[in-house]
Amino acid sequence: MSVDKIIVPLDVSTKEEAIARVEKLPQVTFWKVGLELFVSCGPEILTFLKAQQKRIFLDLKFHDIPNTVAGACRSASRYGVDLITVHATAGKTALKAAQKAVEEGANQSGYPVPKLIAITLLTSLNSRDLAFDLKVPLELPEYTLNMALLAQESGLAGAVCSPQEVSQLRQTCGDEFLFVCPGVRPTGSERGDQQRTFTPAQALKAGADYLVIGRPITASDDPVKALERIIDEIG
Ligand SMILES: O=c1ccn([C@@H]2O[C@H](COP(=O)(O)O)[C@@H](O)[C@H]2O)c(=O)[nH]1
């Protein structure tokens, strides 16, 4: 398995820590910038990653009214990032507006159009949370399928889902639809706040295009070895 299928999150609060992490793992080609880092240091980190010729997953999980989501997506797509996230629960009007906006933003900047992907259901939630806290009267697999289909019908390029659901979603949405899976835990690693997990090998076998793997690598005493072990485990 190629390391190119693994996206490593930069879940740190300063640019210096983020740069140190990138330098420690030179073989990683795809990095994720999420809320913690972007809120603290802004687009500077994207400029750094682009200068290193890294691919960028800008995971800010936009969730707002259509006009606001579209504005955020237009601005985000001017940075030349590869993936951008929005919550599927923003609804069809917002998703369609967001897709149109990433195309506009990229055209204005001259960068390729980033792939806009929708969060189906956070991997930190389980079926109990869905039923009892969120009061969603659907089984979890049916709910995530509805969210993925909503994204597809709205013209998005793909979805973020748990590896536990990716096989079923892939069957319905087809091979062209991109599936990015967090909630990946190598054998023996701690689950932490992730509820719906698979091992890297299981996730790829189930049909994930990309695996997002953070703490099992970054919280390890030896992140280089941890990454190598994951690649070996996948075979
Ligand atoms: O449903 C989701 C959507 C995004 N994430 C993000 O992925 C990484 C996972 O990190 P780990 O350390 O491997 O748990 C993290 O940045 C989340 O913001 C997710 O976990 N689930």
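Residues numbered from 1 in each chain as written. Predicted model: local features only at pLDDT ≥ 70, side-chain atom pairs only at ≥ 80, totals over all residues. Heavy atoms only, no water.

As recorded in an unreviewed UniProt entry, the protein chain goes by the name Orotidine 5'-phosphate decarboxylase, listed as coming from Planktothrix mougeotii LEGE 06226. UniProt, in the comment section headed Function (unreviewed entry), describes the protein chain in these words: "Catalyzes the decarboxylation of orotidine 5'-monophosphate (OMP) to uridine 5'-monophosphate (UMP)." Note on the protein chain: under the UniProt heading Catalytic activity (unreviewed entry), the record states "orotidine 5'-phosphate + H(+) = UMP + CO2". (UniProt positions renumbered as here; feature names shortened; annotations may be inferred.)

Feature annotation in UniProt places "active site" (unreviewed entry) on K61, given in this structure's numbering. Along the polypeptide, K61 turns up in strand β3 (residues 55-62). Not counting chain neighbours up to four residues away, the residues in contact with K61 comprise T85, V86, H87, I119 and L122. Only 2.8 Å separates the side chain of K61 from the side chain of D59, close enough to count as a polar contact. (Helix = DSSP H or I, 4+ residues; strand = E, 2+ residues; numbered from the N terminus. Contact = heavy atoms within 4.5 Å. Polar contact = N/O pair within 3.5 Å; in protein donor to acceptor, adjacent residues only side chain to side chain.)

Burial along strand β7 (residues 178-181) is two-sided: the face carrying L178 and V180 and the face carrying F179 and C181 are both buried. Where strand β6 (residues 158-160) lies against β7, three bridges are found, and the strand directions are parallel. Note on β7: the bridge partner recorded for G158 is L178. Each parallel crossover has a hand, and the one from β7 via helix α9 (residues 200-206) to strand β8 (residues 210-212) is right-handed. (Buried < 20%, exposed > 50% of the residue type's maximum accessible area, 1.4 Å probe, protein only. Pairing = 2+ DSSP bridges. Right-handed = clockwise from strand over helix to strand, strands pointing away.)

Before going further, it helps to spend a moment on the environment of L35. Turning to its location among the elements, L35 is positioned in helix α2 (residues 35-41). For L35, a relative accessible area of 47% puts it in the partly exposed group. Separated by 37 residues in the primary sequence, L35 and A72 have C-alpha atoms spaced 13 Å apart.

Among the structural elements, R185 can be located in the loop between β7 and α9. Despite its burial, R185 pairs with no opposite charge, the nearest such side chain being D193 at 5.0 Å. Polar contacts involving the side chain of R185 include one to the main-chain carbonyl oxygen of E190, which spans 2.9 Å. Apart from residues no more than four positions distant in its own chain, R185 is found in contact with E190, R191, Q194, T197, F198, T199, P200, R215 and P216. (Lys, Arg positive; Asp, Glu negative; His and termini not counted. Salt bridge = Lys/Arg side-chain N within 4 Å of Asp/Glu carboxyl O.)

Using the criterion set out here, one finds 10 salt bridges in the structure. Taking the shortest distance from any N to any O, the salt bridge between D59 and K32 comes out at 2.7 Å. Residue D59 is located in strand β3, and its partner K32 is located in strand β2 (residues 30-34); the two are separated by 27 residues in the primary sequence. By the burial criterion, D59 is buried, and K32 matches it. A salt bridge links D193 to R215; its shortest N-O distance comes to 2.6 Å. With D193 in the loop between β7 and α9 and R215 in helix α10 (residues 215-218), this residue pair connects regions lying 22 residues apart in the sequence. When its relative accessible area of 45% is taken as the criterion, D193 is described as partly exposed. Under the relative-accessibility criterion, R215 is labelled partly exposed at 43%. Here the salt bridges do not stand alone but share partners, grouping K32, D59 and K61 into one network.

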